[in-house]
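# Descriptive structure summary
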Amino acid sequence: MAPEVLDRFAAEVAKFPEAGKQSAVMALLAIVQQVEGHVSLQRERDIAAYLGMAPIAVHEVTTFYNMYNQRPVGKFKLNVCTNLPCQLRDGAVALAHLEKKLGVRMGETTADGLFTLQQSECLGACADSPVMLVNDRTMCSFMSNEKLDQLIDGLRATTSEGPKA
Ligand code: FES
C-alpha cells in the first residue's frame, strides 16, 4: 500500500490503546475504499495483517456493512431501501423504476460505469419512503418516479458538463 495510506492507517490506530488497535478496522476499511473505490479480498488481508487480526474477522466487517463495496462500483452508487416499512410505501416501485430507467438489475452497474443500483437495509427514515442513499452520503426522501428521473438526469448532467471557461 502507498506510504500515504499507511500514514493514515497509523493515525487511526494511534487513537486506540495498543491492546485495542483492532478497533480501527472500520476506519482502515473506509480509507482503502476512499482510495481504491472498493475493498478487495487482498486489502482485507493487508488490513488483517496490519492489525494482527484473522482475515475472516475483517471480512465479517466488510460484509456486514453494505457501505463497504466488495467490488468496483459506478461513479454513483444508488442504495434503495427495500425493507418492509419501505416496501409498504413504494420502495419496490422505486427500485423497479430505477432498474427500468437505468437498464440494469439490482446489484448491477450501467455499461457506462456511471450508476450502480443496490438495495439496502433500513436507512432510518421509514416515514419518508421511498428513500435512497447516493454514494453512502446523500439521503433522498419521498422518491416518486418523477423525482427519481430528476435525480438520475441531474447526476448524468454533472458528468457531461464541459470544462468551465
Ligand atoms: S425501512 Fe426503509 S428507511 Fe426504514
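The present account deals with the structure reproduced in this document. (Residues numbered from 1 in each chain as written. Predicted model: local features only at pLDDT ≥ 70, side-chain atom pairs only at ≥ 80, totals over all residues. Heavy atoms only, no water.)

To continue, consider the pattern of salt bridges. Considering all chains together, one arrives at seven salt bridges under this definition. We note a salt bridge from Asp46 to Arg43, for which the minimum N-O separation is 2.6 Å. One end of the pair, Asp46, and the other, Arg43, are both in helix α3 (residues 41–51), three residues apart, so they sit about a helical turn from each other. Under the relative-accessibility criterion, Arg43 is labelled buried at 19%. Put simply, Asp136 and Lys77 hold a salt bridge, and the shortest N to O gap is 3.1 Å. Here Lys77 lies in strand β1 (residues 76–81) and Asp136 lies in the loop between β3 (132–134) and β4 (138–140), a separation of 59 residues in the sequence. With respect to burial, Asp136 and Lys77 carry one shared label: buried. When salt bridges with common partners are traced through the structure, they connect Glu36, Arg43 and Asp46 into a single cluster. (Salt bridge = Lys/Arg side-chain N within 4 Å of Asp/Glu carboxyl O. Helix = DSSP H or I, 4+ residues; strand = E, 2+ residues; numbered from the N terminus. Buried < 20%, exposed > 50% of the residue type's maximum accessible area, 1.4 Å probe, protein only.)

Attention shifts here to the state of the cysteines. Under the defined criterion, the tally for this structure stands at zero disulfides. Of all cysteine sulfurs in the structure, the one in Cys86 sits closest to Cys140, which takes part in no disulfide; the separation is 13 Å. (Disulfide = S-S within 2.5 Å.)

Before going further, it helps to spend a moment on unusual backbone geometry. Between Ser129 and the following residue, Pro130, the backbone shows a cis peptide bond with an omega angle of -5 degrees. For Pro130, the position within the fold is in the loop between β2 (115–120) and β3. Even without glycine at this site, Asn135 takes up a positive phi of about 50 degrees. You will see that Phe142, though not glycine, has its phi angle at about 50 degrees, which is positive.

Looking now at the sheet that holds β3. One open sheet holds the four strands; their spatial order is β2-β1-β3-β4, and the pairing between them is mixed. Two strands lie at the open edges of the sheet, namely β2 and β4, each paired on one side alone. Each strand of the sheet is rotated relative to its neighbour by a mean of 25 degrees, with strand direction disregarded. Alignment of β1 against β2, held across six bridges, turns out to be parallel. The partner of Cys81 across the bridge, within β2, is Ser120. Set on the sheet, helix α7 (residues 145–160) makes contact with β1, β2, β3 and β4; between it and β1 the angle comes to about 165 degrees. (Pairing = 2+ DSSP bridges. Axes fitted to C-alpha atoms, helices over the stretch in contact; angles between N-to-C directions. Contact = heavy atoms within 4.5 Å.)

Right, let's talk about a nonpolar patch on the surface for a bit. Nonpolar side chains collect at one region of the surface, where Met1, Leu6 and Tyr50 lie side by side and expose about 220 Å² of accessible area between them. For Met1, the location among the structural elements is in the segment before α1 (3–13). A relative accessible area of 35% places Met1 in the partly exposed class. (Patch = residues over 30% accessible without salt bridge, like charges linked within 9 Å, V, L, I, M, F, W, Y side chains within 5 Å. Areas by Shrake-Rupley, 256 points an atom, 1.4 Å probe, with all protein chains shown as cover.)

Per the counting criterion, the structure on display carries four aromatic pairs. Between Phe9 and Tyr50, the ring centres sit 5.3 Å apart and the planes meet at 70 degrees, which makes this aromatic pair edge-to-face. Taken together, the residues span a long stretch of sequence, with Phe9 in helix α1 and Tyr50 in helix α3 at a distance of 41 residues. On the basis of relative accessibility, which here comes to 31%, the residue Tyr50 falls in the partly exposed class. Aromatic side chains Tyr65 and Tyr68 sit 6.3 Å apart centroid to centroid with 85 degrees between the ring planes, which places their arrangement in the edge-to-face category. For Tyr68, a relative accessible area of 10% puts it in the buried group. Of the aromatic side chains, those joined through ring pairs into one cluster are Phe64, Tyr65 and Tyr68. (Phe/Tyr/Trp six-rings, centres within 6.5 Å; stacked < 30°, edge-to-face > 60°.)

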